[in-house]
Amino acid sequence: MSAPQIEIQLIAVVIAAACALPGTFLVLRRMALMSDAISHAILIGIVLAFFITEDLASPLLIVGATLTGVVTVSLVELLNRTGRVREDAAIGLVFPVLFSAAVLLIARYAGNVHLDTDAVLLGELAFAPFDRFIVAGWDLGPRALYLMGGILALNVVIIGLLYKELKLVTFDAGLAAALGFAPAVVHYILMSLVSVTAVGAFEAVGSILVVALMIAPPATAYLLTDRLPVMLGLGALTGAVAAAGGYWLAHWLDASIAGSMAMVAGLLFGAACLFAPQRGVIAAARRRAAQRWEFAQTMLAIHLFNHRDTPDAATESRVDHLQEHLRWDPDFAAQVIHRAERRGLIHHHGQALTLTGEGMRVAREALVG
Amino acid sequence: MPDLLHDLLFDYTLRTVALGAAILGIVSGTLGSYAVLRRQSLLGDAISHAALPGIALAFLLTGSKAPLVLVLGAAVAGWIGTLLVMGVVRSTRVKFDSALGIILSVFFGIGLVLLTFIQKREDATQAGLDKFLFGQAATILAQDVVTMAALGGVALFLMLLFWKELKLLSFDPEFGSTLGFPIRALDILLTTLLVIAIVVGLQMVGVVLMSALVVAPAVAARQWTDRLGLMIALAGGFGALAGVSGAVISSTAARLPTGPLIVLCASALVLISLCFAPNRGIVWNALRQRRNRRRLHVEGEVIP
């Protein structure tokens, strides 16, 4: 690996981890698309700050962009609070307006400046190592790495300090308000984190990929755990894997790094959807199948239990009678009998079925509840 | 102003663009109404982003830039993306908003990867596909408008054909399913219509801004009425108005891209409707409140 390769991967991993932390709360609070709105709306902040400073490297751009992100959130809330527009529609109204205004301003007044809309959407991580952080003639490494490292540290510190508050507001906003935790303040702090992270990340990976890195890794983690600390860690880890994996996929395909990272993040999420131990689609299907067999065995036990020691026990407790009584087709009935016998619920002699002691217990338990 | 009107009617480029924008506004406003009513406003955003890999793949496979081919690719990809969103929401505990965000960004990422492949091919410059990102209304040709009109017409016809069913689906799907309507199938039908509405507009306003045209006219129309039929008609009208005004304003000066202007016009309509629509308007509401407060105050002084 060459030095720029290592630097690119390092930047990508730091960005992914920084995005996953606030992203976890967005996913849990069902505000995932706020990241979409913010990552688009910050463009107008960058453009306006650029008109003031006329310098693309000015830190004022980051401040301006972060502020617009927060303004976006409050505009969405303002619209929502009129009671005339629902939140999803409000998000869908606000960010296109801000984004349109930014595109218009760029097209009209900044056409020849190095601020083109393509870069905004797509980002170019491959160029990040060329922008060096130089102090007194010393090359300390790529600027993006310091910027994103700082943002990652900020996220870790703020989320660490406000961990209890964030947790409470996320899972029970009503209780948080009743206990005097000011959910609105916590909400705005979280949104500021989302905003500053989006601003930092978007230079390197573009606004759409910010969404991928903020939402996909935490959602993947959400399928794997029920604990918030684990979800935070697992989300950051998944993001880092997507970032490094995406880099090598892009290297191999000779394609866009940002796009490949989104693809890998999507693949990881898809894998979690299918194979997650308890929440995955396959695990759920297996559980359903197991429940179906168990229910059928209980039915069989109850049937035999009800007819035991009655005059018609001999006819009722026959294999071929089950089709008539329980409406089971012969194959299904044979399967159920086989499984019940293996579990030790029944004995099976030719056509006759008898309950074992364990079978009695199961039937009684099911009937009594 | 008379000049503008003259241009609108007789200038080929402006007439084509304005006509295309009007069709786009009608179709997306109309079908967007359902999305807004069903609280799926941002589905349009996901569909339009998900369409990008379809466009790129259609071009890679056929080597053709014919609008119909690209639009078909966009529609298939947008449709698959939406079904994936529905599938994820139904079969895992991941919520609708997260599913939308993931499909939107991951599909877009796949689109970017495919676009870099296209860039590397010798026989094609990226220009032409690029316009799907931000839209390039000025490059719209008469034949594109015909394609848009045909696709949009089919979507609107299907909407009218299934009017009653779609209304039921939007307002009370549980009741619909107890009546024996195939609600899942209707859901897929409505989503398909929305996909058509969105891919029709992609070439004109681009992937990023298309979602606004699904949401804005519908939200504006919602303020004026409580009746579905009227709302849909109004949304179509607002959409067309925004489209034509955006096209006209963008023709008045150089370097004024049409897509963002259409979005800003639609948003201005939303703002006007929110403030001044009869009954629901914020301004009337504030005036009414002030009048009531004053009356209460006066009566309070007279009665004791």
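Calculation criteria
- Residues numbered from 1 in each chain as written.
- Chains lettered and ligands numbered in written order.
- Predicted model: local features only at pLDDT ≥ 70, side-chain atom pairs only at ≥ 80, totals over all residues.
- Helix = DSSP H or I, 4+ residues; strand = E, 2+ residues; numbered from the N terminus.
- Rg over C-alpha atoms; globule rule 2.2 N^0.38 Å.
- Contact = placed C-beta atoms within 7 Å.
- Axes fitted to C-alpha atoms, helices over the stretch in contact; angles between N-to-C directions.
- Parallel < 35°, antiparallel > 145°, perpendicular 65-115°, else oblique.
- Left-handed = near helix turned anticlockwise from the far one by under 90°.
- Nonpolar A, V, L, I, M, F, W, Y, C, P; charged D, E, K, R; others polar.
- Pairing = 2+ DSSP bridges.
- Core = buried A, V, L, I, M, F, W, Y, C linked by C-beta atoms within 7 Å.
- Buried ≥ 20, exposed ≤ 12 C-beta atoms within 10 Å, placed from the backbone.
- Domains from an automatic or database assignment.

Colleague: When you look at the overall build of chain B in this model, what are you seeing that I'm missing?
Modeller: Each helix and strand in chain B was counted, giving 13 helices and zero strands. Order of helices (α) and strands (β) in chain B, N terminus to C terminus: α-α-α-α-α-α-α-α-α-α-α-α-α. For 304 residues, the compact-globule estimate of 2.2 N^0.38 gives 19 Å, and chain B sits close to it at 22 Å. In chain B, the proportion of contacts linking residues at least 24 apart, taken out of those at least 6 apart, comes to 74%.

Colleague: When you look at the packing of helix α10 (residues 207-222) of chain A against helix α5 (residues 96-120) of chain B in this model, what are you seeing that I'm missing?
Modeller: Relative to each other, α10 of chain A and α5 of chain B sit at 130 degrees, their axes nearing to 8 Å. Considered as vectors, α10 of chain A and α5 of chain B are oriented oblique to each other. Like other packed secondary-structure pairs, α10 of chain A and α5 of chain B cross with a definite hand, here left-handed. Note on element contacts: α5 of chain B touches α10 of chain A through Ser98, Gly101, Ile102, Leu104, Ser105, Val106, Phe108 and Gly109 of chain B, opposite Ile208, Leu209, Val211, Ala212, Ile215, Ala216 and Ala219 of chain A. Considering only residue class, the contact of α10 of chain A with α5 of chain B consists of eleven nonpolar, four polar and no charged.

Colleague: What exactly am I supposed to notice about the pairing of strand β3 (residues 346-349) of chain A here?
Modeller: Residue and element names in this part refer to chain A. In the sheet, β3 pairs with strand β4 (residues 352-355) via four bridges, with the strands oriented antiparallel. Paired with isoleucine 346 across the bridge in β4 is leucine 355. Hairpin connection between β3 and β4: a loop of two residues separates the two successive antiparallel strands, and glycine 350 in this loop has a positive phi of roughly 55 degrees.

Colleague: Explanation requested: the nonpolar core in the structure shown.
Modeller: Considering soluble globular proteins, one finds that nonpolar side chains tend to be buried as a cluster. Counting residues in hydrophobic clusters, the biggest one holds 216 residues, and the most contacted among them are Ile11 and Ile15 of chain A. The element that contributes the greatest number of residues to this core is helix α10 (residues 183-222) of chain B, accounting for 25 residues. Listed in part, the twelve residues of the second largest apolar core include Leu300, Val336, Ile346 and Leu355 of chain A.

Colleague: I keep staring at the domain arrangement of chain A and nothing clicks. Help me out?
Modeller: When the parts of a complex come together, some accessible area is lost, and that lost area is often taken as the interface size. With domains assigned, chain A is organised as domain 1 (3-279) and domain 2 (282-368). A separation of 56 Å is found between the C-alpha centroids of domain 1 of chain A and domain 2 of chain A.

Colleague: Quick question: what am I supposed to make of the interface of chain A and chain B here?
Modeller: Taken together, the contact pairs 53 residues of chain A with 48 residues of chain B. Secondary-structure elements contributing two or more residues to the side of chain A that touches chain B are α2 (32-53), α4 (87-109), α5 (117-122), α10 and α12 (257-275) of chain A. Here the residues of the side of chain A that touches chain B are counted per class, giving 35 nonpolar, eleven polar and seven charged.

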